[in-house]
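Structural overview for review
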Amino acid sequence: MKVFISKNIPSPGIEALEKSGFEVYINESSHRLPQPDLIEACQEVDFLLNVGQGKLDADFFEACKHLKGVALTSVGFDHVDLDAATTHGIPVSNTPDVLSDATADIAFLLMLNVSRKAFFRAMQVVNGAWADFEFTKELGTTIQGKTLGIYGLGRIGLSLARKAQAAYDMKIIYHNRSRNIEAERLVDATYVNFDQLLTQSDVLSVHSNLTEETQYRFNKDAFKRMKSSAIFVNTARGKIHHELDLIDALSTGEIWGAGLDVTDPEPMQPDNPLLKMSNTCVFPHIGSATLETRTQMALLAANNIIAAKNGNNMPQVVNVDVYKKA
Ligand SMILES: NC(=O)c1ccc[n+]([C@@H]2O[C@H](COP(=O)([O-])OP(=O)(O)OC[C@H]3O[C@@H](n4cnc5c(N)ncnc54)[C@H](O)[C@@H]3O)[C@@H](O)[C@H]2O)c1
């Protein structure tokens with residue numbers, strides 16, 4: 001059996017595949033393959049281990065309907081046409097849990113970074129503009145004991161809530177489609193409606209999936225309802241906030257600051273106004289970017305492919321209906 005890996009992964013993932021008898025082909029370049037090249041690379045293989053957020057749409061699955069499985073290296077699957085995969089009988093797996101703590105760390109880092117204007121201050125040093133000790137200008141704000149609002153209290157949101165409560169004694173409120181009783185057993189969190197989340201949060205951190213319902217959920221109207229002292233953090237997907245509305249809200253002082261690990265589009269262009277503000281910080285989608293986490297993600301993706309090769313269901317399958325059809 002043959003597998004194509006669309007970008008390099010930590011070696012334990014490759015070794016696991018080889019050990020189970022796979023012939024492994026890898027795109028060694030650091031660039032994402034354009035779709036026609038990816039389709040071509042998949043013609044002679046049985047499985048695809050797809051690294052990153054490159055779109056796998058209906059055309060891809062139509063052209064690669066011979067595939068026996070696709071393993072993603074992300075927990076999000078909004079870039080994949082799961083209906084098309086299911087139509088062609090192709091199981092698709094993701095990598096939940098193993099990246100939750102690392103991604104929550106990035107949300108925490110953004111929250112602290114923005115609250116203390118740390119990125120802006122560090123850039124002053126880099127640019128030779130070390131400001132004289134100034135008692136009242138460019139001050140940050142403390143997050144200790146304040147209210148952290150979580151939009152989407154799932155695996156990553158819960159990890160952030162636990163860290164923020166334990167380390168900073170933050171009061172946790174959250175909004176989900178429905179209450180997460182299981183999470184409420186693990187952390188002292190209060191379920192609120194969307195408007196309460198907007199009006200009560202000192203820091204509002206987004207951790208929902210990107211769906212039709214959550215797309216642009218944080219727009220002009222939402223930012224208007226937030227505290228003028230609030231910090232908005234998004235480590236989920238760039239399309240969950242409306243970027244121009246966010247720029248307006250920051251420029252007019254409707255909210256105080258913003259930290260993003262995800263943008264729309266990615267990469268963000270270097271002339272983006274969000275990169276020029278003192279109370280913003282933008283990371284290039286590094287939620288899961290630790291050696292330990294990426295190694296676990298690679299192993300989990302490899303294990304899903306190995307399971308499928310051995311005639312078993314992929315343990316982390318996301319289009320579960322694919323197995324009902326068979
Ligand atoms: N920045 C990164 O590198 C990075 C890394 C991993 C995951 N992510 C993103 O984080 C997201 C969350 O990951 P997770 O593992 O915590 O997923 P999860 O499924 O455990 O949690 C998502 C939560 O969002 C909630 N939700 C869904 N729709 C909602 C809606 N309309 N309103 C309110 N809540 C809603 C769900 O009920 C769930 O509790 C992923 O979908 C992915 O897009 C980003």
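Residues numbered from 1 in each chain as written. Predicted model: local features only at pLDDT ≥ 70, side-chain atom pairs only at ≥ 80, totals over all residues. Heavy atoms only, no water.

As annotated in an unreviewed UniProt entry, the chain carries the name 2-hydroxyacid dehydrogenase and comes from Sphingobacterium bambusae. UniProt lists a comment for the chain under the heading Sequence similarities (unreviewed entry), and it reads "Belongs to the D-isomer specific 2-hydroxyacid dehydrogenase family." (UniProt positions renumbered as here; feature names shortened; annotations may be inferred.)

**Remarks on the UniProt feature "domain: D-isomer specific 2-hydroxyacid dehydrogenase NAD-binding" (unreviewed entry) in the chain**
UniProt's feature table lists "domain: D-isomer specific 2-hydroxyacid dehydrogenase NAD-binding" (unreviewed entry) at residues 109–287, given in the numbering used throughout. Between the end C-alpha atoms of residues 109–287 the distance is 10 Å, and the span holds 32% helix and 16% strand. (Helix = DSSP H or I, 4+ residues; strand = E, 2+ residues; numbered from the N terminus.)

**As for the site of the ligand**
Taken together, 26 residues form the shell around the ligand, and within it Arg 155, Ile 156, Thr 235, Asp 261 and His 285 come nearest. Ile 156 is positioned such that a nitrogen or oxygen atom in its backbone is 2.9 Å from an oxygen atom of the ligand. Take Asp 261: an N or O atom from its side chain is 2.8 Å from a nitrogen atom of the ligand. Within the complex, 91% of the 860 Å² of free accessible area of the ligand lies under protein. Residue composition of the shell around the ligand, by class: seven nonpolar, 14 polar and five charged. (Near = heavy atom within 4 Å. Polar contact = N/O pair within 3.5 Å; in protein donor to acceptor, adjacent residues only side chain to side chain. Areas by Shrake-Rupley, 256 points an atom, 1.4 Å probe, with all protein chains shown as cover. Nonpolar A, V, L, I, M, F, W, Y, C, P; charged D, E, K, R; others polar.)

**Focus: the pairing of strand β6 (residues 147–151)**
Within β6, five of the five residues are buried, which leaves the element mostly enclosed by the surrounding structure. Taking every second residue as pointing to the same face, both faces of β6 are buried, with Thr 147, Gly 149 and Tyr 151 on one and Leu 148 and Ile 150 on the other. Sheet topology places β6 next to strand β7 (residues 171–175); five bridges connect them, and they run parallel. Looking across to β7, one finds that Thr 147 is bridged to Lys 171. Of the crossover connections in this fold, the one passing from β6 over helix α7 (residues 155–168) to the parallel β7 is right-handed. The sheet contact formed by β6 and strand β9 (residues 203–206) spans four bridges and is parallel. Paired with Leu 148 across the strands is Val 203, a residue of β9. (Buried < 20%, exposed > 50% of the residue type's maximum accessible area, 1.4 Å probe, protein only. Pairing = 2+ DSSP bridges. Right-handed = clockwise from strand over helix to strand, strands pointing away.)

**Re the sheet that holds β6**
One open sheet holds the seven strands; their spatial order is β8-β7-β6-β9-β10-β11-β12, and the pairing between them is parallel. If you trace the sheet from one side to the other, it starts and ends with β8 (189–191) and β12 (280–282), each paired once. Here the average twist between neighbouring strands, direction ignored, is 20°. As defined by bridge partners, β7 adjoins β8 across three bridges and the pair is classed as parallel. The residue bridging Ile 173 from the neighbouring strand is Thr 190, located in β8. Across the sheet, α7 is in contact with β6, β7 and β9; its angle to β6 comes to roughly 175°. (Axes fitted to C-alpha atoms, helices over the stretch in contact; angles between N-to-C directions. Contact = heavy atoms within 4.5 Å.)

**Here we look at the side chain of Ser 93**
Along the chain, the position of Ser 93 falls in strand β5 (residues 92–93). With residues near it in sequence (within four places) discarded, Ser 93 still touches Val 70, Ala 71, Leu 72, Asn 304, Met 314, Gln 316, Val 317 and Val 318.

**Considerations on the sheet that holds strand β2 (residues 23–26)**
Across the sheet, five strands lie side by side as β2-β1-β3-β4-β5; this open sheet has parallel pairing. Every other strand in the sheet has two partners, leaving β2 and β5 as the edge strands with one partner each. Here strand β3 (residues 47–50) pairs with strand β4 (residues 69–72) via four bridges, running parallel. Paired with Asn 50 across the strands is Leu 72, a residue of β4. Along the sheet, helix α1 (residues 11–19) contacts β1 (2–5), β2 and β3; its crossing angle with β2, the most-contacted strand, is approximately 150°. Relative to the sheet, helix α12 (residues 291–309) contacts β1, β3, β4 and β5, its axis offset from that of β3 by approximately 165°.

**A few points about the layout of surface pockets**
Approximately 250 Å³ is the volume attributed to the second largest pocket. Considering the residues around the second largest pocket, the lining is formed by Arg 121, Gln 124, Val 125, Trp 130, Ala 131, Asp 132, Phe 133, Glu 134, Phe 135, Lys 137, Glu 138 and Leu 139. Its residues assigned to classes, the lining of the second largest pocket shows six nonpolar, one polar and five charged. (1 Å grid on protein atoms, 1.4 Å probe; cavity = no way out; pocket = protein on both sides within 12 Å on 5 of 7 lines; lining within 4 Å. Points joined across faces, edges and corners; volume = space filled by probe spheres on them.)

**A short note on the pattern of salt bridges**
Evaluated as defined, the whole model comprises 11 salt bridges. The salt bridge partner of Asp 78 is Arg 237, with a shortest N-O separation of 3.0 Å. Residue Asp 78 is found in the loop between β4 and α4 (82–87), and its partner Arg 237 is found in the loop between β10 (231–234) and α11 (243–251); the two are separated by 159 residues along the sequence. The buried category is assigned to Arg 237, whose relative accessible area is 13%. (Salt bridge = Lys/Arg side-chain N within 4 Å of Asp/Glu carboxyl O.)

**Brief notes about the state of the cysteines**
This structure, assessed with the given rule, holds zero disulfides. We note that Cys 42 lacks a disulfide partner, and the nearest cysteine sulfur, in Cys 64, lies 4.7 Å from it. You can call Cys 42 buried: its relative accessible area is 0%. (Disulfide = S-S within 2.5 Å.)

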